[in-house]
Amino acid sequence: MDILMKVLLVIFSIALIVIVLLQKGKSAGLAGAISGGAEHLFGKTKARGMDLILQRVTVVLASGFMIISILVAIFSK
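Bear in mind the structure is a predicted one, so any value in this text is a computation, not a measurement. (Residues numbered from 1 in each chain as written. Predicted model: local features only at pLDDT ≥ 70, side-chain atom pairs only at ≥ 80, totals over all residues. Heavy atoms only, no water.)

Colleague: What exactly am I supposed to notice about the overall build of the protein here?
Modeller: A tally of helices and strands in the protein yields three helices and zero strands. When the elements of the protein are put in sequence order from the N terminus, they spell out α-α-α. The proportion of buried residues among the 77 residues of the protein is 16%. (Helix = DSSP H or I, 4+ residues; strand = E, 2+ residues; numbered from the N terminus. Buried < 20%, exposed > 50% of the residue type's maximum accessible area, 1.4 Å probe, protein only.)

Take a look at the structure:
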């Protein structure tokens, strides 16, 4: 069970890295990071098409990665 969980953790981490690298950058530079975060927070720009799919897959993979990493920490004691 421990080995299976660790293998799943590696698969989720590699998939999460690949999905994040496939996404487009919101803006460039420090000013873009501040304004891009505000636009994302208040919903002025909505993702469409492939961006929306990548965003949803990222959320699912990140949630799975977090859950599996907690389970690995519990089972490895």
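Colleague: Please explain a nonpolar patch on the surface as it appears in this structure.
Modeller: The grouping of Met 1, Ile 3, Leu 4, Val 7, Leu 8, Ile 11, Met 66, Ile 67, Ile 70, Leu 71, Ile 74 and Phe 75 at the surface amounts to a nonpolar patch, some 1,200 Å² of accessible area in total. Elements supplying a minimum of two residues to the nonpolar patch: α1 (2-22) and α3 (50-75). Relative to the helices and strands, Leu 71 resides in helix α3. The class for Leu 71 is partly exposed, based on a relative accessible area of 30%. (Patch = residues over 30% accessible without salt bridge, like charges linked within 9 Å, V, L, I, M, F, W, Y side chains within 5 Å. Areas by Shrake-Rupley, 256 points an atom, 1.4 Å probe, with all protein chains shown as cover. Salt bridge = Lys/Arg side-chain N within 4 Å of Asp/Glu carboxyl O.)

Colleague: Could you clarify how one ought to interpret the pattern of salt bridges in this entry?
Modeller: Opposite charge on two side chains allows them to pair when their charged atoms are near. Applying the stated rule across the entire model yields two salt bridges. For Lys 6, the salt bridge is made with Asp 2, and the minimal N-O distance between the two is 3.5 Å. Taken together, the residues Lys 6 and Asp 2, both in helix α1 and four residues apart, mark about one turn of the helix. Overall, Lys 6 belongs to the partly exposed group, its relative accessible area being 41%. Asp 51 is paired through a salt bridge with Lys 24; the nearest N and O atoms lie 4.0 Å apart. A residue pair is termed long-range when its members are at least 10 positions apart, and Asp 51 in helix α3 and Lys 24 in the loop between α1 and α2 (29-42) qualify at 27 residues.

Colleague: Help me understand the environment of Ser 76 in this model?
Modeller: Note on placement: Ser 76 falls in the segment after α3. The exposure class assigned to Ser 76 is partly exposed, which follows from its relative accessible area of 45%. Residues Ser 76 and Ile 3, 73 residues apart in the sequence, show an inter-C-alpha distance of 10.0 Å.

Colleague: Looking at this structure, how should I read the environment of Phe 12?
Modeller: Its location among the elements puts Phe 12 in helix α1. Distance in space between the C-alpha atoms of Phe 12 and Ala 62 is 8.1 Å, their sequence separation being 50 residues.

Colleague: How do you make sense of the confidence of the model for the protein when you look at a structure like this?
Modeller: Segments scoring low in pLDDT should not have their predicted coordinates read at a detailed level. Model confidence for the protein is summarised by a mean pLDDT of 82, while 71% of its residues fall at 70 or above. Element-level mean pLDDT values for the protein span from 56 in α2 up to 94 in α1. (pLDDT = per-residue confidence, 0-100.)

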